[in-house]
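Descriptive analysis of the structure
For reference, the chains in residue letters:
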Amino acid sequence: EILQPLDGGADRGCRGMNANDYDPSYYTSFDGVASLEECKAKCQDTAPEPIACPVTGEGQNLGTISSMIPEASGLAASRKNPGFYWTHNDSGGRARLFAVDKHGNVKKILWVKGANAIDWEDIATGPGPVNGLSYVYIADIGDNSEHRGRVQIYRVPEPKLEGSADQHIDAMSDRFDVRYPDGAHDCEAMFIDQGPAARAKGTSGRVYIITKHYNYAGDIYWVDLPSRPSGQLTFTKAGMLNHGGTGWPAAVTAADMHPEGSLIVVRAYEQLLMFPRQHGQSVEDALRGSSCPVHRRGERQGEAVTFGADGSHYMTVSENTQPMWYFPIHSSSKAVASCSGIQFGPDAGRCEVWNQAARVQSSVPLPGAGCFSVPAPPDPTQCGGKGMRDVDMFCPLADGSGCKVLADNMQRKTCRQYCSSNGLSCINGWEEENENCVVKVENGLPVELGCD
């Protein structure tokens, strides 16, 4: 039985995040439904599937980025100009963006009016204050010495590039000054919440950043920008990224969100990870969960990553005038509308199927009605019902029978001891290939470490 009574079920009306979270846009209503079982059947036809790790392909070198961009520090797929990508130079650059094609050729230069370029570190495209419009967000958040009292985020309505013969165009920006609640931080990664889950949660257009550290995983912060600048804003701290690793190779340098809102990609100097975002899940919970190994290329000074505007691929580029790397996404789960619960009654024959990406999470007294919900997806960091500790990366087996992990804090421990400490049995231990749960192979055979 996929649907479970919420708060007892009987004489309860379904709600979203709290008792006041109820809107007709959350559900599809049916009249003339003869029974509770018939109402349940309408939900079960659209029961949610967990968002899975994507299947990606090898990187393709499509060309070298223009020499006008020697320090590419951000990349964002244009929503209004198919096949174009916005990028910019690192600190010391001017307040301008470059529209490049997938081969790295500069097609337009956008001068951002009302902006200064102290240390631009990332760029993103996504929704904003006007429904249906696309915006470009610029993150002036670099702070190597951690002394800035406030940083800046610029938001620009994305221009349409067709029809202009001039290579140079202008656009006015809104400037937002933002401070941290806990002192200055260096930061190079920003992305924008979007997709069905964001719309349902009311977080569409929320700006997320991930700080850059060398001695631990980055911290997650967010801020909601008003429709117009109005005084200094403050980031909200939302937890710590679960990416594993320390030191220079794991320092976070860029991030982006899939247009469907179902995947978040985070890159570091020697890491490229994707975090599935389950139906109804917040961004911060997704980033605290397990990541997926995906293809990448070695880029010594890699500080840019973006999903394609249609979600069919992702691209990376490095500083020092390097190749534009294109990676196809062969398959991935979409954050499609799916049933998270039903309300049957109180009117006779009325069935509300919550299938518009808003989860049934609470209920209120409502005589004559019944509320039933689909349980939230299981914690992806659990293996065999056990929560895993000291995990750098978690890779569930496709058939659900177990998992492989990159284990941390293994000094003077055997694989068997590690599994036993987590209440699990050890099948085997292997040397990993490249921090991606792939077993290293030498002379055609896996390099086994063994359980003991």
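Residues numbered from 1 in each chain as written. Predicted model: local features only at pLDDT ≥ 70, side-chain atom pairs only at ≥ 80, totals over all residues. Heavy atoms only, no water.

1. Looking at the overall build of the chain
Filter applied, for reference: Runs of H or I in DSSP of at least four residues are treated as helices and runs of E of at least two as strands, each being numbered from the N terminus. Residue burial is assigned from relative accessible area. The probe radius is 1.4 Å, only protein chains are included, and a residue is buried under 20% of its type maximum, exposed over 50%, and partly exposed in between. Contact criterion: two residues are considered in contact whenever any of their non-hydrogen atoms come within 4.5 Å of each other. Each accessible area value is a Shrake-Rupley result obtained with a 1.4 Å probe; residue values ignore everything except the protein chains displayed when judging cover.
For the chain, the helix and strand inventory stands at four helices and 34 strands. Across the 452 residues of the chain, 53% fall into the buried class. Taking the intrachain contacts of the chain between residues at least 6 apart in sequence as the baseline, contacts between residues at least 24 apart amount to 60%. Of the roughly 19400 Å² that the chain leaves accessible, carbon and sulfur atoms contribute 48%.

2. A look at unusual backbone geometry
The residue after Gly345, namely Pro346, is reached through a cis peptide bond having omega 5 degrees. Relative to the elements of secondary structure, Pro346 occurs in the loop between strand 26 (341-344) and strand 27 (351-354). Of note, the phi angle at Asp7 is positive, near 55 degrees, even though the residue is not glycine. Within the secondary structure, Asp7 sits in strand 1 (residues 4-15). Look at Thr321: it is not a glycine, yet its phi comes out positive at around 50 degrees. Within the secondary structure, Thr321 is located in the loop between strand 24 (313-318) and strand 25 (323-331).

3. Things to note about the state of the cysteines
Put simply, the test is: Disulfide: a pair of cysteine sulfur atoms within 2.5 Å of each other.
Summed over all chains, the structure comprises four disulfides. The disulfide partner of Cys43 is Cys339, and the gap between their sulfur atoms is 1.9 Å. Taking the sign of the S-S torsion, -105 degrees for the link of Cys43 and Cys339, the bridge is left-handed. One end of the pair, Cys43, is in helix 1 (residues 36-44); the other, Cys339, is in the loop between strand 25 and strand 26, and 296 residues separate them in sequence. The disulfide bridge from Cys53 ends at Cys292, spanning 2.1 Å between sulfur atoms.

4. Let's talk about the pairing of strand 6 (residues 85-89)
Applied cut-off: Paired strands, as defined in this entry, are two strands with at least two bridges between them according to DSSP.
Most of strand 6 sits inside the fold, with five of its five residues counted as buried. Side chains Tyr85, Thr87 and Asn89 of strand 6 all project onto a buried face; the interleaved residues Trp86 and His88 project onto the opposite face, where all are buried too. Summarising the sheet, strand 5 (residues 72-77) and strand 6 pair through five bridges and their orientation is antiparallel. Of the residues in strand 6, the one forming a bridge with Gly74 is His88. Hairpin connection of strand 6 to strand 7 (residues 96-100): six residues between the antiparallel strands, including Gly92 at a positive phi of 95 degrees.

5. Digging into the pattern of salt bridges
The test is simple: For this analysis, a salt bridge means a side-chain nitrogen from Lys or Arg found within 4 Å of a carboxyl oxygen belonging to Asp or Glu.
Considering all chains together, one arrives at 18 salt bridges under this definition. Of the charged contacts, one joins Asp31 and Arg350 as a salt bridge, the two residues approaching to 3.7 Å between their closest N and O atoms. Separated by 319 residues along the polypeptide, Asp31 in the loop between strand 2 (28-30) and helix 1 and Arg350 in the loop between strand 26 and strand 27 bring together distant segments of the chain. Since its relative accessible area comes to 61%, Asp31 is described here as exposed. Connected through shared salt-bridge partners, Asp31, Arg350 and Glu352 make up one network.

6. Thoughts on the sheet that holds strand 5
For sheets, the rule is that strands pair by backbone hydrogen bonds, running either parallel or antiparallel. Going by this rule: Only C-alpha atoms enter the line fits that serve as axes; for helices the fit covers just the stretch in contact. Angles between N-to-C directions range over 0 to 180 degrees.
Across the sheet, five strands lie side by side as 5-6-7-8-12; this open sheet has mixed pairing. Edge positions in the open sheet fall to strand 5 and strand 12 (168-172), since each of these has one partner strand only. Each strand axis lies, on average, 30 degrees off the axis of its neighbour in the sheet, ignoring direction.

7. Comments concerning the packing of aromatic side chains
Test applied: To pair, rings of Phe, Tyr and Trp, with the six-membered ring standing in for Trp, must have centres within 6.5 Å; the planes then decide the type, stacked if under 30 degrees apart, edge-to-face if over 60, and tilted in the middle. Two limits define a charge over a ring: the Lys NZ or Arg CZ must be within 6 Å of the ring centre, and within 35 degrees of the ring normal.
By the definition in use, this model includes eleven aromatic pairs. Ring centres 5.5 Å apart and planes at 50 degrees place the aromatic pair Tyr26 and Trp354 in the tilted group. Here Tyr26 is found in the loop between strand 1 and strand 2, whereas its partner Trp354 is found in strand 27, with 328 residues between them in sequence. The class of Tyr26 is buried, set by a relative accessible area of 13%. Chaining the aromatic ring pairs together yields one cluster made of Tyr22, Tyr26, Tyr27 and Trp354. Across from the ring centre of Tyr135, 5.8 Å away, lies the NZ or CZ of Arg155, which sits over that ring. Sitting over the ring of Trp222, Arg206 keeps its end group 3.5 Å from the ring centre.

8. What to know about the sheet that holds strand 18 (residues 236-240)
The four strands lie next to each other as 14-15-16-18, forming an open sheet whose pairing is antiparallel. Each edge of the open sheet is held by one strand with a lone partner, namely strand 14 (187-192) and strand 18. Strand-to-strand twist in this sheet, taken as the mean axis angle between neighbours without regard to direction, amounts to 25 degrees. Bridge count for strand 16 (residues 219-223) against strand 18 is four bridges, and the pairing is antiparallel. For Asp219, the partnering residue across the bridge sits in strand 18 and is Met240.

9. Remarks on the side chain of Glu121
Put simply, the rule reads: We score Asp and Glu as negative and Lys and Arg as positive, and we do not count His or the chain ends. In the analysis that follows, any N or O atom pair within 3.5 Å is treated as a polar contact, provided that within protein one partner can donate a hydrogen and the other can accept it, and provided that, for residues neighboring in sequence, both atoms belong to side chains.
Here Glu121 shows up in strand 9 (residues 120-126). Lys212 provides the closest opposite charge to the buried, unpaired Glu121, separated from it by 6.6 Å. Side-chain polar atoms of Glu121 contact the side chain of Ser73, separated by 2.9 Å. If near-sequence neighbours (up to four positions away) are discounted, Glu121 is found in contact with Ser73, Gly74, His88, Asp90, Ala139, Ile141, Gly142, Cys187, Glu188, Thr253 and Glu303.

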